[in-house]
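# Structural overview
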Amino acid sequence: MAPSFSSLSTMLRIAIATRKAFRNQILINKHIKKNMKRWVVVSMVLTIIAMIVGTLLEKSFGSAFALTHVYRTPWFMALLIIVVALGCVVLWQHKLYRRLPTAGIHFAFVFIVAGIILTTFTAQSGRLTLAEGLSANTFQATDDGRSCDGTLPFDVKLQDFEVVNYPGTHAPQDFVTSILFVDPDGSTTEAQVSMNKIAQHRGYRFYQAGYDNEGHDFLTVAHDPWGIGFTYAGYLILALSFIGFFFDRQSNFRQLLRGPAAKASVVVLLLLAGTGTHAAAREQTPLPRTLPAEQAETLGRLYVLYNDRVCPLQTLATEFTTKLYGKASYRGLSAEQVLSGWIFYYSDWSQEPMFKIKGDAVRQTLGLSGRYASLNDFVDGDTYKLKAPIDSLDFSNPLRNKMLAADEKYNLIAMLYGGQLLKIFPLTDSLGALHWYSQSDQLPLTVADDEYLFIKKSLSYCQELVAFGRYDQLDTTLVKLRAYQQQRAGALLPPKGRIAAERLINSLNYSRLLAMFFITLGLICFVYTIVRMAQRRQLHAAVRILVTSLLALLAVYLCLMFVLRWIVSGHVPLSNGYETMLFLSLCVSLFALFMQRRHDIVLPAGLLLVGFTLLVAMIGGSNPSVTQLMPVLNSPLLCIHVAIIMISYSLLAFAMLNGIAGLVIGAVARQPLDEVQQALMRISQLLLYPAIFCLAIGIFIGAIWANVSWGTYWSWDPKEVWALITLLVYAFPLHVRSFPWLRKPKTFHLYMVLAFLTVLITYFGVNLILGGMHSYA
């Protein structure tokens, strides 16, 4: 039986209504998804703002205040939960759970945030005070806001404590504590605690914290039964997911790698360079008297105890000259000649204007017309010109710090003549420990009379030989003095290869020259590439070969300096600002060499970045100390942590310069170059994925190292917080499909330039302004 007309009409109306409902549901779903993304953005921005405020509060009121009022508050923990929960909802809405690596990256943060919350509300930590031969089972809270009072379910007895020094010095290499755990049933367990080596017993972990001169040893006690497991599980899931992401053929990274961005070429940035010159009048004055270069070099081959380590006297001379003058040489004289001049010709050098003085107010106090002062400029009769200003200024006054910087230079001369610098005479005590003395030091009573006279008269005899111009005899005397050092110190002296490496480092320090050269060359290359880009042409083959060759030579030089510092220090040289900038320069140069054939932008970017990093290293100290490694830094995790973070920063710096190039091209091009800006945008996106991967992994390796060293994997230290802020800020451009405003090349490039400010704050701002536990470097 055929359906009636009315039934067909009804069915049609139902179909139309169903279609409308379906379309309305689609619109509603799109609206919900859009609003959900907005809420994710809002919650992340609020989290970032909260963390920024936390670092500022910590700077003003201390870490305990920041922890109590920000990081450990219920509202902040709720904010973290909201960010993760909304992220998971968006992940589910877009059905990204079907792509395991992407889902794993986001799901890992569920474990990490859960671990942070569990640690915050369930973990215990404090300081356990031990005295040799006595037992204790209570630990006390410290004033850092991260600990609490508590009682252990067992006793801890201190059996022994030892400070292990670097061979031949009094610089501590490690602190070793031998303890005995005594359970209520009477059973005992022996354990040893040292830096980066913890002891564990019944869920409690013990870390080295310090000691005093009254026989007390301090251990940090940590008990975190839940948080660490969840957090480490999150770290593991994140690392595996990142690896899977890069191998996933459907990932954005692999699509970018196959796209036109992998074949694009472009440009970069500009900056300024400048260097001071000496006053012509000073260059025309006669050189002060000093030793001939040959004898000064022989003097530089002596051993000396400096910065708590044994090194060639050349190193002391280099840093002495750099401290006074700002450079490692003076008017064509080597550092050894400068130091020997001060030792043997005081009257000449006290009149020499070689003290570089910063600050107009300081120069005015000293009565200077230029930037350099002589030793005599510091005094007026019997009055020391800087004493009254230093005493009268408040400790927080920046001018006082400038006064103290000039005062330090003056006191360096006093240290030289007081004997604190020239500790060149090694003696062993009855226990076999090696001690170094200067001519003016009080010697042990056990020293034989002839050796006593040798130590007290050697430099005076050298002074006599210099006065009479008997330089051949002076050479012989210095060689004998070095032979005496080798006989007395024996195997406790650094190996010959290490000394040779250090002398080579002192001779190859060209940071200032290289920085100026590569910044200038990078600027020229930038302008040239802009012109070629406007003409839609690639770099000329001859230019590419020349610049690539120079960059390759620089990479060889940086690699040599890195290896030499490794040999000299005995550890991977990543423990201070100079060494990390040196490694960053090496990473940038190697990356530029690797990528230069695929992207023209890499060459000018590489040149400029290498120049800037070397400039920063030079500003921090054109020849910084190679010192013994602090015990807490003596960990392979530190090397991995810093190296991975530096690789991330170098990639982000390239993306920043890429953004500047895009903005410059958009501003100067006479006709639209949309395809070029799109290509630049894709190149930045291509760099972002490995950069964020390295940054995240580097942060979490640092957290593991902190847990091994200090008993807490996350302390909300300013450096940690700003590294996390950087990670969150750079997470946005990884989701350009979710943010229409980031799909526009101009907006994207501007964002990449501004986002790099977080990197600068993390690396420089925290060390120079905010402080924190990471300031040791």
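The following paragraphs examine the structure supplied in this document. (Residues numbered from 1 in each chain as written. Predicted model: local features only at pLDDT ≥ 70, side-chain atom pairs only at ≥ 80, totals over all residues. Heavy atoms only, no water.)

### Remarks on helix α17 (residues 496–507)
An ideal rise of 1.5 Å per residue puts 16 Å on 12 residues; α17 measures up with 17 Å between its terminal C-alpha atoms. Within the span of α17, buried status applies to Ile499, Ala501, Glu502, Arg503, Ile505 and Asn506. Those residues of α17 that are buried lie in contact with α8 (293–300), β9 (303–306), β10 (309–312), α9 (313–325) and α19 (541–569). (Helix = DSSP H or I, 4+ residues; strand = E, 2+ residues; numbered from the N terminus. Expected span 1.5 Å × (residues − 1). Buried < 20%, exposed > 50% of the residue type's maximum accessible area, 1.4 Å probe, protein only. Contact = heavy atoms within 4.5 Å.)

### With respect to the packing of aromatic side chains
Inspection of every chain in the model, using the stated rule, returns 37 aromatic pairs. Three or more aromatic residues joined by ring pairs form one cluster here, namely Tyr325, Tyr330, Trp342, Tyr346, Trp349, Phe355, Tyr372, Phe378, Tyr384, Tyr410 and Tyr417. Lying across the ring of Phe218, Arg127 places its NZ or CZ 5.5 Å from the centre. The residue whose ring lies beneath Arg470 is Phe468, and the NZ or CZ to ring-centre distance is 5.0 Å. (Phe/Tyr/Trp six-rings, centres within 6.5 Å; stacked < 30°, edge-to-face > 60°. Lys NZ or Arg CZ within 6 Å of the ring centre and 35° of its normal.)

### Notes on the side chain of Gln208
Positionally, Gln208 belongs in strand β7 (residues 204–211). A distance of 2.8 Å separates the side chain of Gln208 from the side chain of Thr177, its partner in a polar contact. A distance of 3.4 Å separates a polar side-chain atom of Gln208 from the backbone oxygen of Val193. (Polar contact = N/O pair within 3.5 Å; in protein donor to acceptor, adjacent residues only side chain to side chain.)

### Quick word on the packing of helix α4 (residues 100–122) against helix α5 (residues 227–247)
Relative orientation of the contacting elements α4 and α5 amounts to 165°, with a least axis distance of 7 Å. Taken together, α4 and α5 sit at an angle that is classed as roughly antiparallel. As α4 runs across α5, the sense of the crossing is left-handed. Its residues placed into classes, the contact of α4 with α5 shows 17 nonpolar, nine polar and no charged. (Axes fitted to C-alpha atoms, helices over the stretch in contact; angles between N-to-C directions. Parallel < 35°, antiparallel > 145°, perpendicular 65-115°, else oblique. Left-handed = near helix turned anticlockwise from the far one by under 90°. Nonpolar A, V, L, I, M, F, W, Y, C, P; charged D, E, K, R; others polar.)

By themselves, these figures tell us nothing about what the structure is for.
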